[in-house]
Structure formats: C-alpha cells, structure tokens
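# Analysis of the macromolecular model
Listed here are the chains, written in short residue letters.
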Amino acid sequence: MQKCAAVMSGVPRIRYMKLFTTEEIRAIDRATIEREEVSPLELIERVGEGVASEIATRWRPNKPTIVFAGPGNNGADALAASRLLWERGFRPEVYLFNIGGDKLSGDCAASRDRLLREVPELTFCEVQSRFNMPKITSNHLVVDGLFGSGLREELKGGFKSLVQNINDEHPTVVSIDVPSGMFGDWNPQKVNRNIMHATLTLAIQFPRISFFIADNAELIGEWKVLDIGLSEAAIAATPASFSLVEKRDVHRRLRHRKEFASKADFGSAVLYAGSYGMMGAAVLAARGALRAGVGKLTVNAPKWGNIILQTAVPEALYRYNRGEQNIVEIHPERDFKAVAIGPGIGTNELTVKALEDFLASANQPVVLDADALNCIALKPAMLNTIPVLSILTPHAGEFDRLFGPQPSAEARLRKAIEMAKYYNVFIILKGHYTAIVRPDSKVYFNSSGTPAMATAGSGDVLTGVLLAMLAQGYPAELASLIAVYIHGVAGTRGRRRLLQGLWQGAALRDPRAPRRRHRRQHRPRHQGDHEVT
C-alpha cells in the first residue's frame, strides 16, 4: 500500500535554475514571440551569433569547417551561424538537407536565402536527392545543425548513415541545441552510434535534462548555454520539475552564526556507524559532521571501535554498542535532533535485525546510507517502515540492490522518482550530477564536485555533512541541497591540494596539522566545477 503523502512543512519557497522539458521550452519560445514582439528570425539570428562567437573564441579561422544543416529551425540556426562565421574569417562548406526539394521550414528557407544573398561566394550545397559525402578528417570542425531537441523519432536512413560516418572520422563537433539524434529529455532506446558525438554542445537558453544523465556524457561532450533573451516573464511563470543547484542558491541560504552562539544552538546528532575492519567509514562520517558545524555529535559504534574513534575524532562523544564487532542494537538513548545510520555497519544478521526493530518504531525522519541500505535490501519489507521524509543516499550499486537492477543511469533516475513518491522519502542518487529527488517527484541536480571524489569514503563524508545540516535545523530538502553542494566544493578544493583519490583525508584532517605545499596546477574549467569563495 502506498504511504499517504506528508506535508513538507517549513520548507521555504526556493528558486533555482529551472530545467525545462522540450515542450515547456517550445511554449516559452512561443510566448517570447507573441508577447515581446520578437520574430522567429530574430531568435535564429541570436542563436547564430552565439554559435559563431563561441566557435571564433576557440578555433582559428583557418581550421577546415563543414556545416551540416537540417530542414527545420535547427538548420536555420546553423545557416545563420555559417554567415556569421564567414564574417569572422572562417570559410565553411555548407550542406543543407532539403530532401525532395520541399522540406524546409519557412524560417530555414529564409535563412538560406539570406546566406546566399550575403555570401554568394560560399561553398554551398542544397541536398535534394543524392548526397556525396565530403571528406572529413580528425582535423575538421563540424557544425552539427541537423536536428535539435524538437526531434520526435530516432534517426533513420541517410541521416543515420551520415551521423555514423561523421562519428567514425572523429572530427571536432559543435552541436547546436543537442547532438543530432538525441532527445532533450529522455532517451530510453538510444543507440549511441546513431547519435552525433559532440565535442561541444551549445544549448539554447537552457541546459537540457538529458545533459545531467551519465549515459549521455560521451554524446554531449562539454556543454555551454547560449542566452538568447527568451521572455523572463514566461520563464518565471512556467513551473519546472527539474532544477540545477548552483553556488548562489546555497550561499544565500546558509545561516550565519551569531556572536554569542554556543554549541547548544547547533543541534545534537547521533551517528550509528562502523564495524570490525570498517571503522574508517565511521571516522570519515563523524569528521564530516563536525566540520559541517554540528553542535554535539555522538557516535554509536561497536566496543571494538572505542580506541579508534576516541583517538581519531576526540571532539565526538562515543557510545559503545553491545556488540563487540558489530552494531546489534539501535536505540537512541535520548531525543537527538538528527539520526544517521549506515557507514561501515556491515550486514551482519544481528545488525539487520537491529535496523529492522528500529525502523518499526521510529517516529522521526532518519538518514540511511551505505550498509543501512544494504541491510534493507536483504529484507525489502523494511522499506514500508522507513519514516516519511527520511533521506536515502545510495550510489548506483546500492540503489540497484535496493530497488532492482536498472539498465541505465536514466532508468535508475526514473525509478528513483517513482520510489521517492511511493515511499514518501527523499532519495539522494549520487553521481557526477547528484540528483536530489523529492517525494513530490521534483528533482534537483547538483552542480559542484569533481571526478576525484569517485573514491572510497566520499559517501561517508556526505552522510556526516547531511547529518550536521539536519541537526542545525535545516529542513530535509534544504539540508540535502546544501550538504550535497558543499560536499562537492570540499572535493574540488581537496583535489587541488592532493593527489586524485585522496581528497577526503585532506578535506577533513585536523586543521592544526602541518600541510605540505603543492605547486598549483592550472586546468580548464568544466560545467559542474564550481568554487565557493
């Protein structure tokens, strides 16, 4: 039986960057044209200017360039970009596909006519029947304007062959809107070989939902948004089920500590963590909580972990569990503001039973991570006893053990949306763009972090940070968003100081300990890398 919905009381109205579906973007586009008296051709010109400007800042005009334009408005964008690239010194070859001679949209035909009128010396071919594939090498720049996010079915026939041939030659590809053959939202049946492999994708006004799903990374490459000035009023009035959390969203919601604050003002939390051979997880989670500002932290761990915890995390209180090597009881001895269970607890039979008994009587939301989720996977009936508005923090493997194997990252996200609603919980699905899934099916993608965080222990740190935020009184939604974001920022900063794979020790070590000096290495910034100053 589905749980009844609980009201997320105390959650403030928050505005983040909205991520719209393809249909919602079309509606905003229409509203801009109707309300602000902007013609479709003017919007196409803005796209063309953005594409040409971005290309000109990255590549020299003498780079051999080929533009492939489809029959719709994505093709019109590519034709406008071709004209503007010519003005910047590029000499593109342009191929416009108008199979049968009557397939062009009105705006695409107008863009073609202007291009030929203003640049008559351009190498231009309008393909109406037979197409002779130009020679493409890895040295070429290909501008992909075949099909945008308005595509309604997978590529077939000649267009599929064209994309495959381009992919086989591995040129530099700049895709306008989305790589041709990919949908802007969901791509459940995609075959990667039949979709353009972009080096750079220039999204129009908004990043697409598909950009944040791991399955599509090799297709999208780097992505950047081109602001073409769509109606702010229409954007504000259009609700969105997906959002992107960025630095400004988190910074303005962090609470400042008052001058006369004491530890009692920042909550008390209890962490059930650790077992024989896995006390490192307990240490990392405890340090995460303390560095994130919890007022008082109690770590409940097996007797065997006493010396480790008291030595490694002296700021935390230690409460021994009856088990020598495993947690065998979960009974908080007083009312803690926040409770987290899971890092390193293992899946011993007695531990599973202790978690089962606790959940059956729990009356407040809890954070469930790592082995707590693995314990539940061994007894799935426990899912029905998880307190509403609890927070589950699985990585892909833990999620699949809990809710069944998923064929792709996209399928896993859609399943998370379904399960968060069914069980009325928050699910933090960890990954490059960690997804925070609300019980009402809204999804927030996190923008901070680095691949250096793909290492053992980083999830334990996140559990500690999340526990600290809840203890300090942040509502579950806001605590999740803030914890995930600053966890990513800590990873990015740690990466700059240490070898990749060792970030968590640096981010959480004793600030009084001596530090080695490292030569600063410069690297290109990518979407998703953010720094808080």
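Please refer to the structure placed before this passage.
## Observations concerning unusual backbone geometry
- Backbone geometry at Gln-205 places phi at a positive 75 degrees, although glycine is not the residue there.
- As for its position among the elements, Gln-205 is in the loop between strand S7 (200-204) and helix H6 (217-220).
- Despite not being glycine, Asn-424 shows a phi value in the positive range, around 55 degrees.
- Looking at the secondary structure, you find Asn-424 in the loop between helix H14 (409-423) and strand S16 (426-429).
- Taking relative accessible area as the criterion, Asn-424 reaches 3% and is therefore assigned buried.

## A look at the sheet that holds strand S3 (residues 93-97)
- Judged by pairing direction, the sheet is parallel, and its seven strands sit side by side in the order S4-S3-S2-S5-S6-S7-S8 without closing on themselves. The outermost strands of the open sheet, each flanked by one partner alone, are strand S4 (123-127) and strand S8 (222-226). The mean angle between the axes of side-by-side strands here comes to 15 degrees, regardless of whether they run parallel or antiparallel.
- Strand direction decides the pairing type here: strand S5 (residues 141-145) and strand S6 (residues 172-176), joined by four bridges, are parallel. Following the sheet pairing, Val-143 is matched in S6 by Val-174.
- Packed on one face of the sheet, helix H2 (residues 40-58) meets S5, S6, S7 and S8 and runs near 135 degrees to S8.

## Considerations on the packing of helix H12 (residues 371-378) against helix H13 (residues 396-403)
- Here H12 crosses H13 at 25 degrees, and the two axes come no closer than 8 Å. Overall, the two elements H12 and H13 adopt an arrangement that is roughly parallel. Crossing of H12 against H13: the hand is left-handed. Contacts between H12 and H13 involve Leu-373, Asn-374, Ile-376 and Ala-377 from the former and Glu-398, Arg-401 and Leu-402 from the latter.
- Taken together, the residues of the contact of H12 with H13 break down into four nonpolar, one polar and two charged.

## Some points on the nonpolar core
- Judged by nonpolar contacts, the single largest core of 56 residues is most densely connected at Ile-341, Leu-355, Leu-368 and Phe-445.
- The leading source of residues in this core is H14, at seven residues.
- Residue contacts for Leu-368: discarding those within four places in its chain leaves Ile-341, Leu-355, Leu-359, Leu-373, Ile-376, Ile-386, Ile-391, Leu-392 and Thr-393.
- The next biggest cluster of nonpolar side chains, apart from the first, holds 50 residues, and it includes Ala-285, Val-367, Val-461 and Ile-482.

## Quick word on a nonpolar patch on the surface
- Taken together, the side chains of Tyr-276, Trp-304 and Ile-308 define a hydrophobic patch exposed on the protein surface, amounting to about 300 Å² of accessible area.
- With respect to the element layout, Tyr-276 can be found in the loop between strand S10 (268-272) and helix H9 (279-291).

Definitions and cut-offs
- Residues numbered from 1 in each chain as written.
- Predicted model: local features only at pLDDT ≥ 70, side-chain atom pairs only at ≥ 80, totals over all residues.
- Heavy atoms only, no water.
- Helix = DSSP H or I, 4+ residues; strand = E, 2+ residues; numbered from the N terminus.
- Buried < 20%, exposed > 50% of the residue type's maximum accessible area, 1.4 Å probe, protein only.
- Pairing = 2+ DSSP bridges.
- Axes fitted to C-alpha atoms, helices over the stretch in contact; angles between N-to-C directions.
- Contact = heavy atoms within 4.5 Å.
- Parallel < 35°, antiparallel > 145°, perpendicular 65-115°, else oblique.
- Left-handed = near helix turned anticlockwise from the far one by under 90°.
- Nonpolar A, V, L, I, M, F, W, Y, C, P; charged D, E, K, R; others polar.
- Core = buried A, V, L, I, M, F, W, Y, C linked by side-chain atoms within 4.5 Å.
- Patch = residues over 30% accessible without salt bridge, like charges linked within 9 Å, V, L, I, M, F, W, Y side chains within 5 Å.
- Areas by Shrake-Rupley, 256 points an atom, 1.4 Å probe, with all protein chains shown as cover.
- Salt bridge = Lys/Arg side-chain N within 4 Å of Asp/Glu carboxyl O.

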